[in-house]
Structure formats: C-alpha cells, structure tokens
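Observations on chain architecture
What follows is each chain in one-letter form.
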Amino acid sequence: MVARDVLHRAPKVLLHDHLDGGLRPQTIVDLAGVIGHELPTSDADGLARWFAESCNSGSLELYLETFRHTVAVMQTPDALRRVAREMVLDLAADGVVYVESRWAPEQHLTAGLELDQAVAAVRDGLAEGMAEARVKGTPIVARQILTAMRHASSAREIAELAIRHRDERVAGFDIAGAEAGYPPTRHLDAFDYIKRNNGYITIHAGEAFGLPSIWEAVQLCGANRLGHGVRVIDDITISGDQVQLGRLASYIRNVRVPLEMCPSSNVQTGAVASIADHPIRILAQLGFRVTVNTDNRLMSNTTMTREFERLSDAFDYQLSDIRWLTLNAIKSAFSPHPDRLALIENVIKPGYQTLLEELDQSA
Ligand SMILES: O=c1[nH]cnc2c1ncn2[C@@H]1O[C@H](CO)[C@@H](O)[C@H]1O
Ligand SMILES: [Zn+2]
C-alpha cells in the first residue's frame, strides 16, 4: 500500500472529470444565493454530504438527478469561469499535472447564454486557473471536452462546436447521460462529423449497459477512448488460471483503446459491487490500456489521490503501479504527441523517480 502523502505528491493525469460534478460546495451555495436557486441545504458541509449520500443509490439515473443543482448555478459566464478556475486550482493542489474536464454546453443556456460564449467562459476560467497554479508552484495543463447529452438531439451541434473551438483548449467530444435506451449510434452524424474533421472522440459506454454499447462506441462511432468501459469484462471468461478474451475484448486490448475507469463512481451507480470487485485489477493484469479517474469529485466525495488510495488499499498497488496507470493516462490524452512526450519526460518520470528513490532510502 502506498501512503496518502506519497500519492498526493505523485504527478497525476486526469482524463475523465465532469466540470459540473466537481464544484466546491461553498461555491454552489454562493452562486445559488445570487440567482435564488433553492438547494437541499445552504450549509456547505451539509450540501457535500447530501450529494455524496444521494449518489449512493446504485442507479445511474438517480445519480444523474443531483446534477440539477450544479448545472442550475452554472448559467452565466462569471459562474462558468469561476467553476472552471476553481476546478483547475483544486486539481493542481491535488498533484494533477494534466486534466481534460468535460461538461455539456447545451445544459448551460437557460439564462440566455450562447453555446460559443459558454465555451469561451470555461476557456477563460481554465486559463486563469493555470496561470494561478503556475505562480503557486503547481503547474497544470487544463483542457476541456465538450459533451452532448445522449437523450437529447443536440449532438451534431455540439460536435461542430467542439471542432470550431479545437484550437482554444477544446480537446475532444463526448456523449454522457443515461446509457440504457440511448445507444451511441443515435448520434452517428455527430461522430461522423468529428471523424471527418480529424477530431477526437470519447464515449461513455459500458457503464450502465453492456457489450453492445461498447461495440457500437468503438466499431460504429469511432471512439478513441471509452468512458468507464467496465463491462468489457463481460467479454472475458476466466476459469481457474485460464483466461479467454472474446473478439471485442481482444480488439480493445490489441488496438490499445484507453479505458477511463472511475472506481468510486462505478460503485455508487452500481456498475460494480465494491472497489475490491472492480474489474480494473484483472484488466490491468491482462494489459488493457487502463486509466484511473474521478468522474465526479463532488458526487463521489473524492480526488485523484483518494481514488489511487482506494485502489492501493484494495489491491496492494505499489507506486510503480500508480506510475504505470499515470503513463497510460498521459499516453491516451487528446493533446499533441510532442506535448505528451514533454510531460512524460520532464514531469511525470522525474516526479516518480524522486518518490521511488525516497521510498528506497526509507526502506
Ligand atoms: O458517470 C456518468 N455517466 C453518464 N453521464 C454522466 C456521468 N457523470 C456525469 N454525467 C453527465 O454528464 C453531464 C455533463 O458533464 C452531467 O450533467 C451529467 O448529467
Ligand atoms: Zn463520466
């Protein structure tokens, strides 16, 4: 098991974190006060508990209902900028050196914002957060992923928005929301648009629904990464020390499709029974391109440090395992290859080297 302090200091990479799932409780209270939005409680600690408890139902649909409150307070450029800036600062303080933060612009238009304005507000918040983090000595690279809601019909418009802003810190395109009943192929035209424009796609798939969703995402929609993807385990048969991969699982492993796994979130929505039962362990052993993510820090009352701590507890992961997971993540980022190499060589490898040497000396 790796000590919390070591995990905290280790450079970390976060590919799957929802901007509207990571607000500071006090910020929700502040912003709700300004617009007169009614919250379950106006006490920040009480609100943090309310989110975490409401999200423990074992149902993705109930889990998603809580976003009503965070989305409600993120409807103006000021609010979006503040939330984005604070997200960057909170992650930098947790030792995250690279983040792709996702959110669904179509959910932020109720006060009259235009899609492009909303994206610009988040871009400005990211820039402010990065500049402040650099001054604090905790540099971080922050980008956004634009999500379309899978039950809605704006996906093509959001795909165009993502391409239009790709040179302004928009790294890629995603779909999220309730999975059962809303297969990825509902939005084929959006994915097609992204592909034709050489953009990048991640798809929430294999979380609340199984292999057909994963297959569509990868083979019909051209997903470069899978959000969660936990159910790929359904295509793997294990009996004793015999392991048999089905064609889909083999394909995903062979072409190195990154799996954005979110352990705490998966337990809350019932995708897995417990951290100890999480398929991440076996998938990592089998050599899948596994990454570790927070999904929604507010709803899961978590951080990257905490996710690694829980895995390290459950599976006796060592710092070398955390390093492998982090390298998987940065290799899978939607940023230019030379930028990723620079982060690996200048930040991630040296960061782990220092920590590993410290651990050696104290052993
Ligand atoms: O784990 C998840 N699975 C599916 N959808 C999610 C998850 N977490 C958040 N969202 C959805 O994504 C929207 C944009 O950020 C959120 O508003 C929420 O509805
Ligand atoms: Zn998610």
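Residues numbered from 1 in each chain as written. Chains lettered and ligands numbered in written order. Predicted model: local features only at pLDDT ≥ 70, side-chain atom pairs only at ≥ 80, totals over all residues. Heavy atoms only, no water.

We now examine the pairing of strand β7 (residues 236-239). Alignment of β7 against strand β8 (residues 242-245), held across four bridges, turns out to be antiparallel. Directly across from Ile238, in β8, lies its bridge partner Val243. Counting the residues between successive antiparallel strands, the hairpin from β7 to β8 contains two residues, one of them, Gly240, with a positive phi of roughly 60 degrees. (Pairing = 2+ DSSP bridges. Helix = DSSP H or I, 4+ residues; strand = E, 2+ residues; numbered from the N terminus.)

Following the UniProt record, one finds the feature "binding site: Zn(2+)" (unreviewed entry) at His16, His18, His204 and Asp295. Annotated residues spanning 280 residues; largest pairwise C-alpha distance 11.9 Å, indicating a single compact cluster. Within the fold, His16 resides in strand β1 (residues 12-18). Reaching out from His16, the side chain makes a polar contact with the side chain of Glu260 at a distance of 2.7 Å. A relative accessible area of 2% means that Asp295 is categorised as buried. In this view, Asp295 contacts His16, Asp17, His18, Tyr63, His204, Glu207, His228, Cys262 and Ser265; residues no more than four positions away in its chain are not counted. Separated by 2.7 Å, the side chains of Asp295 and Ser265 make a polar contact. (UniProt positions renumbered as here; feature names shortened; annotations may be inferred. Polar contact = N/O pair within 3.5 Å; in protein donor to acceptor, adjacent residues only side chain to side chain. Buried < 20%, exposed > 50% of the residue type's maximum accessible area, 1.4 Å probe, protein only. Contact = heavy atoms within 4.5 Å.)

All right, on to the site of ligand 1 then. Close contacts around ligand 1 come from 17 residues, with His18, Asp20, Gly177, Glu207 and Asp295 the closest. In the environment of ligand 1, an oxygen atom lies 2.5 Å from a nitrogen or oxygen atom belonging to the side chain of Asp20. Gly177 is positioned such that a nitrogen or oxygen atom in its backbone is 2.9 Å from a nitrogen atom of ligand 1. Considering ligand 1 on its own, with 420 Å² of exposed area, one finds that the protein chains cover 98% of that surface. Split into classes, the residues belonging to the shell around ligand 1 amount to seven nonpolar, six polar and four charged. (Near = heavy atom within 4 Å. Areas by Shrake-Rupley, 256 points an atom, 1.4 Å probe, with all protein chains shown as cover. Nonpolar A, V, L, I, M, F, W, Y, C, P; charged D, E, K, R; others polar.)

Attention now goes to the UniProt feature "binding site: substrate" (unreviewed entry) in the protein. Within this structure's numbering, the places UniProt gives as "binding site: substrate" (unreviewed entry) are His18, Asp20 and Gly177. A maximum C-alpha distance of 12.7 Å is found for the annotated residues, which run over 160 residues; spatially they form one tight group. Reaching out from His18, the side chain makes a polar contact with the side chain of His16 at a distance of 3.3 Å. Within the element layout of this structure, Asp20 appears in the loop between β1 and α2 (25-35). In contact with Asp20, other than residues within four places in its own chain, are Phe67, Thr70, Val71, Met74, Arg102, Trp103, Gln107 and Met299.

Spatially, eight strands are ordered β1-β2-β3-β4-β5-β6-β9-β10 in an open sheet, and the strand pairing comes out parallel. The sheet terminates laterally at β1 and β10 (290-292), the two strands that pair on one side only. The average undirected angle you get between the axes of adjacent strands in this sheet is 25 degrees. Two elements, strand β3 (residues 141-149) and strand β4 (residues 170-176), share six bridges in a ladder whose sense is parallel. Each bridged residue has a counterpart across the sheet, and for Ala148 the counterpart in β4 is Ile175. Set on the sheet, helix α6 (residues 77-93) makes contact with β1, β2 (96-103) and β3; between it and β2 the angle comes to about 150 degrees. (Axes fitted to C-alpha atoms, helices over the stretch in contact; angles between N-to-C directions.)

Counting residues in hydrophobic clusters, the biggest one holds 111 residues, and the most contacted among them are Phe173, Ile203, Leu226, Ile252, Leu283, Phe288 and Ile330. Of the residues forming this core, the biggest block, nine residues, is contributed by α6. (Core = buried A, V, L, I, M, F, W, Y, C linked by side-chain atoms within 4.5 Å.)

Let us now look at the packing of aromatic side chains. Following the criterion strictly, the structure yields five aromatic pairs and no others. Residues Trp50 and Phe51 carry aromatic rings whose centres are separated by 5.0 Å and whose planes lie at 80 degrees to one another, so their mutual orientation is edge-to-face. Accessibility expressed as a relative area gives 26% for Trp50, which makes it partly exposed. Taking 5.4 Å as the distance between ring centres and 25 degrees as the angle between the ring planes, the aromatic pair formed by Tyr200 and Phe334 counts as stacked. Of this pair, Tyr200 sits in the loop between α9 (188-196) and β5 (201-205) while Phe334 sits in the loop between α15 (319-331) and α16 (337-362); the two residues are 134 residues apart in sequence, bridging distant segments of the chain. Overall, the relative accessible area of 42% leaves Tyr200 in the partly exposed class. With relative accessibility at 5%, the residue Phe334 sits in the buried group. Between the NZ or CZ atom of Arg225 and the centre of the ring of Phe334, over which it lies, the distance is 3.8 Å. (Phe/Tyr/Trp six-rings, centres within 6.5 Å; stacked < 30°, edge-to-face > 60°. Lys NZ or Arg CZ within 6 Å of the ring centre and 35° of its normal.)

Donor atoms from the polypeptide that coordinate the zinc ion (ligand 2) comprise His16 (NE2), His18 (NE2), His204 (NE2) and Asp295 (OD), at 2.1 to 2.2 Å from the metal. With four donor atoms in place around the zinc ion (ligand 2) and angles of 83 to 169 degrees between them, the coordination shape is irregular. Coordination of the zinc ion (ligand 2) draws on donor residues from a single chain, spaced H-x1-H-x185-H-x90-D in sequence. Highlighted residues: His204 in strand β5 and Asp295 in the loop between β10 and α14 (304-315), separated in sequence by 91 residues. (Donors = N, O, S within 2.8 Å, 3.2 Å for Na, K, Ca; no water. Tetrahedral: all angles 85-135°; square planar, octahedral: opposite > 155°, others 65-115°.)

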